Amino acid sequence: MKTAEYLWEIARGKEQRAMPVLSFPAVQKMQVTVKQLVESSGLQAEAMETVAKETPSIAAVSLMDLSVEAQAFGAAVRFSDDEVPTVTGQLVSDEEGAKALAVPSVGAGRTGVCVEAIRMAKERIQDRPVLAGVIGPYSLAGRLIDVTEIMYLCYDEPETVHLVLEKATEFLISYGLAFREAGADGIVMAEPLAGLLSAEMSAEFSCPYVKKIIDALQTEDFAVVYHNCGNSVCNMLPEIFSVGAAAYHFGNAVDMRTILDQAPADVLCMGNIDPAGQFASGTPESIREATAALLKACGTASNFIISSGCDIPPHSKWENIKAFFGAVEEFNHTCS
């Protein structure tokens, strides 16, 4: 499947079609815990298959679990039955620690579980692209160094941050290649921590490493979707667009119309219905209104695909998820 071409055909089509970052709420249909899901290849594949059967999403997107890669490096992770896993503690605190940090092999921690899940999902899901979830390099470095401490080190010890970034990038390329070999049609790379940086710092500490990963992985048949839900992305769009991703996915902290006004016509953008405020805490009526408003503002753009602003939380109501897709259909009927 030529994934980027497929996404552009969707964006330029006469009707809007949606691609929310939707996987975790499948636990409700499957009656399993989040902890069980993140530790099982079979359950992850079943979750993707469940979402594919329950919704008309244009792609099957795997878990956006931003603890997986850090755990492979040796970071401690807190698991919960109800919430997405989180990294705890600090693995690297100085240059000496950065130099000692070993780059793991794919298969360490739960990375092998996630790769096998994609292999299994690809066998089951034949009617749409299957996209794996990975973390971005700066966001991974932040989980290894600590998300607050890395901001100080960018100023005080930039060489330490770059050393961790180089190792993170090396691993993420290997991890992405493993997904590609497992049959994935692409990846969604989550780089939200970079959304807290200035444009200049993003150009130094995030974008070059993201571009290196994309250059190593992206082909006609394998697309990289760049995700950043930070609230500063409007100030760094030229830097972000320079990485050469097949598509760019933005969070609800920014105005999607503002993004599209600054995006070149040949840059595909996605977003950005609030996952917590609407999918998790909203009502069918409120999410219908929010979706209609976003489509009114952006739905006629030929470089836009509607989506959630980020990963949809596990406890999100399925009636809200259905209402989101229903609102997209209502928009199409209104415009036809």
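Below or above, wherever it landed, is the structure these notes cover.

Rules and cut-offs
- Residues numbered from 1 in each chain as written.
- Predicted model: local features only at pLDDT ≥ 70, side-chain atom pairs only at ≥ 80, totals over all residues.
- Heavy atoms only, no water.
- Helix = DSSP H or I, 4+ residues; strand = E, 2+ residues; numbered from the N terminus.
- Rg over C-alpha atoms; globule rule 2.2 N^0.38 Å.
- Buried < 20%, exposed > 50% of the residue type's maximum accessible area, 1.4 Å probe, protein only.
- Contact = heavy atoms within 4.5 Å.
- Areas by Shrake-Rupley, 256 points an atom, 1.4 Å probe, with all protein chains shown as cover.
- Lys, Arg positive; Asp, Glu negative; His and termini not counted.
- Charge placed at Lys NZ, Arg CZ, Asp CG, Glu CD.
- Polar contact = N/O pair within 3.5 Å; in protein donor to acceptor, adjacent residues only side chain to side chain.
- Arc of directions from axis to C-beta.
- Pairing = 2+ DSSP bridges.

In this section: the overall build of the protein. Across its full length, the protein holds 17 helices and 9 strands. In summary, the protein has a C-alpha radius of gyration of 19 Å against a globular reference of 20 Å for 336 residues, a match within 12%. If one aligns the C-alpha atoms of the protein with their principal axes, the spans along those axes are about 60 × 40 × 35 Å. Going through the 336 residues of the protein one by one, you find that 58% of them count as buried. Partitioning the contacts of the protein with sequence separation of at least 6, the portion at a separation of at least 24 is 76%. A total accessible area of about 12800 Å² is found for the protein, and carbon and sulfur atoms account for 48% of it. Separation of charge centres in the protein, based on 24 positive and 44 negative side chains, amounts to 7 Å.

Our focus in this paragraph is the side chain of His227. Mapped onto the secondary structure, His227 falls in strand β6 (residues 223-228). Among the polar contacts listed, one links the side chain of His227 to the side chain of His249, at a separation of 3.0 Å. With sequence-adjacent residues up to four places away left out, His227 is seen in contact with Met64, Val188, Met189, Ala190, Glu191, Pro192, His249, Gly309 and Cys310.

Residue pairs spaced three or four apart in an α-helix point in one direction, given the helix's 3.6 residues per turn. Within the sequence span of helix α9 (residues 149-156), burial applies to Ile150, Leu153 and Cys154. One side of α9 carries all its buried residues, which in axial view fall inside an arc of 110°. Residues of α9 that are exposed and point more than 90 degrees away from the buried face comprise Tyr152, Tyr155 and Asp156. Against α8 (137-145), α10 (158-181) and α11 (199-205) lie the buried residues of α9.

Take the environment of Met120 next. Relative to the helices and strands, Met120 resides in helix α7 (residues 111-124). Sequence separation between Met120 and Met48 is 72 residues, and the spatial gap between their C-alpha atoms is 9.9 Å. With residues near it in sequence (within four places) discarded, Met120 still touches Ser41, Gly42 and Ala45.

All right, on to the sheet that holds strand β8 (residues 269-273) then. One open sheet holds the 7 strands; their spatial order is β1-β4-β5-β6-β7-β8-β9, and the pairing between them is parallel. Edge positions in the sheet fall to β1 (60-61) and β9 (304-308), since each of these pairs with one other strand and no more. Across 5 bridges, strand β4 (residues 130-135) lies against strand β5 (residues 186-190) in parallel orientation. Bridged to Ala132 within β5 is Ile187.

Summarising burial for β5: 5 of the 5 residues are buried, a large majority. The two faces of β5 match: Gly186, Val188 and Ala190 on one face and Ile187 and Met189 on the other face are all buried. Alignment of β5 against β6, held across 5 bridges, turns out to be parallel. If you follow Ile187 over to β6, its bridge partner there is Val224.

By themselves, these observations are geometric and do not establish any function.
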